[in-house]
Amino acid sequence: MTIDIKTLLIFAVFTSTLFAGVQYYYQRFHKKYPGAREWLWGSLCILICYIFVVFRENYLPDWTSIFIGNSFLIYGTYLRLRASSLFSLKKDISPKWGLAAVVTLLLWVLVFYFIEDSIAWRSLGLMILCSLFLFTSSIVYWRAYLLKKHFLYLCMIVSFFVYACVVFWRAFYWPMHPTIQLFDNNVFQQIFFLVAVVVDIVTTQLFLMMNNTRLATDLHDLQIMIPICSYCKKIKLSNNQWEGLEDFLARQTQKDLSHSICPSCQKNLAKEIDEA
């Protein structure tokens, strides 16, 4: 069966727009966890890349997708890695890594656009950088799976690892067959774009499911009776560990707590100061 590459990319634009809307809805009306915003921005960056590629040749000059579209793709892949780390491990990845990847890509593309015009070699740099972020994403979810043994993390590992392998394969296969063009309806391009679209849909759906699962767990924890120490006011957790009240509230609500003083305590404090 022959798959038209442009038709597949148009489908990718449609599905990416749909899922971006769903993610925005979650951002507005549901409790969001660290990493949700970064995943949404990553999805938007990848959507912009798809749009540049779809309108290439007929409506936009090639250089727009080569420089602008590819930059959005690599930064969107970095943002999804950052989102994965924030959500699953609660560890941030510096934006410097994303910016460094974009600068490295642009320097690479400049060489193989102005000095030696080769789409295959331009793709080599892009695919290597993307595969590094994708392999790292699978490692992040592997570490999270070892800690929490959650099936959705295992699904993320498989999705990112398979996609990373396909991207890495494309990086070196294309320079060995330089006559292949971007929109050629051959098995090589069909496999890559089909995997890219499917993994994009699957990973976004899994990320939303993980958000819902964590939300359901937090709601369950809040619905049960919460044991609290009558002296120090620490909260007893399900793993028999004790957590400070402020830390517990901050973790459950994902909000930063600020310190103030109520009127009655203010009066008592002023009375103690006067007596002293």
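Preceding this section is the structure that the text describes.
Nothing here was measured: the structure is a model prediction, and the numbers come from that model.

Participant: Is there a simple way to think about the packing of helix H3 (residues 62-89) against helix H4 (residues 95-115) in this case?
Facilitator: A pair of packed helices is captured by two measures, namely the crossing angle of their axes and the spacing between those axes. At their nearest, the axes of H3 and H4 sit 9 Å apart, and the two run at 155° to each other. By the angle between their axes, H3 is roughly antiparallel relative to H4. You can see that H3 and H4 cross each other, and the crossing is right-handed. Facing H3, whose interface residues are Trp63, Ile66, Phe67, Asn70, Ser71, Ile74, Tyr75, Tyr78 and Arg82, H4 presents Pro95, Trp97, Gly98, Leu99, Ala101, Val102, Leu105, Leu106, Val109, Leu110, Tyr113 and Phe114.

Participant: What is the right way to read a nonpolar patch on the surface from this model?
Facilitator: A surface patch of nonpolar side chains, amounting to about 600 Å² of accessible area, comprises Val103, Leu107, Leu110, Val111, Phe114 and Ile115. Secondary-structure assignment places Val111 in helix H4. By relative accessible area, which is 34% here, Val111 ends up partly exposed.

Participant: How should I be thinking about the pattern of salt bridges in this particular structure?
Facilitator: Opposite charge on two side chains makes pairing possible when the charged atoms of those side chains draw close. Overall, the coordinates contain 5 salt bridges when judged by the stated rule. In this structure, Asp92 and Arg82 form a salt bridge, with 2.7 Å as the shortest nitrogen-oxygen distance. Of the two residues, Asp92 sits in the loop between H3 and H4 while Arg82 sits in helix H3, which places them 10 residues apart along the sequence. Assessed through its relative accessible area of 15%, Arg82 is described here as buried.

Participant: Explanation requested: empty space enclosed by the protein in the structure shown.
Facilitator: Space left empty within the atom packing is revealed by a probe, the size of a water molecule, rolled over the atoms. All chains considered together, the criterion is met by 3 cavities of 30 Å³ or more. There is about 540 Å³ of room inside the largest cavity. Looking at the largest cavity, it is lined by 33 residues, and the ones nearest its centre are Cys49, Leu73, Leu126, Met127 and Phe192. Examining the composition of the lining of the largest cavity, we find that 9 residues originate from one element, helix H5 (residues 119-148), more than from any other. Each residue belonging to the lining of the largest cavity can be placed in one class, and the counts come to 22 nonpolar, 6 polar and 5 charged. In this model, the second largest cavity occupies a volume close to 100 Å³. In this structure, the second largest cavity is lined by Gln23, Tyr26, Gln27, His30, Lys31, Lys32, Ala36, Trp39, Phe207, Leu208 and Asn211. Going through the elements one at a time, helix H1 (5-29), helix H2 (36-54) and helix H7 (187-223) are the ones with two or more residues in the lining of the second largest cavity.

Participant: Help me understand the packing of aromatic side chains, please; the structure alone is not making it clear to me.
Facilitator: Think of a pair of aromatic rings as described by two things: how far the centres are apart, and how the planes are tilted against each other in angle. If you walk through the whole model with that rule in mind, you get 23 aromatic pairs. Seen from their ring centres, Trp169 and Tyr173 are 5.3 Å apart, and the 40° between their planes marks the pair as tilted. Taken together, the residues Trp169 and Tyr173, both in helix H6 (residues 151-176) and 4 residues apart, mark about one turn of the helix. Given the relative accessible area of 34%, Trp169 is considered partly exposed. Clustering of aromatic rings is evident, with ring pairs tying together Tyr33, Trp39, Phe87, Tyr141, Tyr153, Phe160 and Phe207. Lying over the aromatic face of Phe192, Arg170 brings its terminal NZ or CZ to 3.9 Å of the ring centre.

Participant: Looking at this structure, how should I read the nonpolar core?
Facilitator: A general tendency of soluble globular proteins is for nonpolar side chains to be buried together. Counting residues in hydrophobic clusters, the biggest one holds 69 residues, and the most contacted among them are Leu9, Ile74, Tyr141, Met156, Tyr163, Phe207 and Met210. At the level of elements, H1, H2, H3, H4, H5, H6 and H7 are the ones that each hand at least two residues to this core. With 13 residues, the single largest contributor to this core is H5. Once you skip the residues sitting within four places of it in the chain, Met156 turns out to touch Trp39, Tyr141, Thr203, Leu206, Phe207 and Met210.

Cut-offs applied
- Residues numbered from 1 in each chain as written.
- Predicted model: local features only at pLDDT ≥ 70, side-chain atom pairs only at ≥ 80, totals over all residues.
- Heavy atoms only, no water.
- Axes fitted to C-alpha atoms, helices over the stretch in contact; angles between N-to-C directions.
- Helix = DSSP H or I, 4+ residues; strand = E, 2+ residues; numbered from the N terminus.
- Parallel < 35°, antiparallel > 145°, perpendicular 65-115°, else oblique.
- Left-handed = near helix turned anticlockwise from the far one by under 90°.
- Contact = heavy atoms within 4.5 Å.
- Patch = residues over 30% accessible without salt bridge, like charges linked within 9 Å, V, L, I, M, F, W, Y side chains within 5 Å.
- Areas by Shrake-Rupley, 256 points an atom, 1.4 Å probe, with all protein chains shown as cover.
- Salt bridge = Lys/Arg side-chain N within 4 Å of Asp/Glu carboxyl O.
- Buried < 20%, exposed > 50% of the residue type's maximum accessible area, 1.4 Å probe, protein only.
- 1 Å grid on protein atoms, 1.4 Å probe; cavity = no way out; pocket = protein on both sides within 12 Å on 5 of 7 lines; lining within 4 Å.
- Points joined across faces, edges and corners; volume = space filled by probe spheres on them.
- Nonpolar A, V, L, I, M, F, W, Y, C, P; charged D, E, K, R; others polar.
- Phe/Tyr/Trp six-rings, centres within 6.5 Å; stacked < 30°, edge-to-face > 60°.
- Lys NZ or Arg CZ within 6 Å of the ring centre and 35° of its normal.
- Core = buried A, V, L, I, M, F, W, Y, C linked by side-chain atoms within 4.5 Å.

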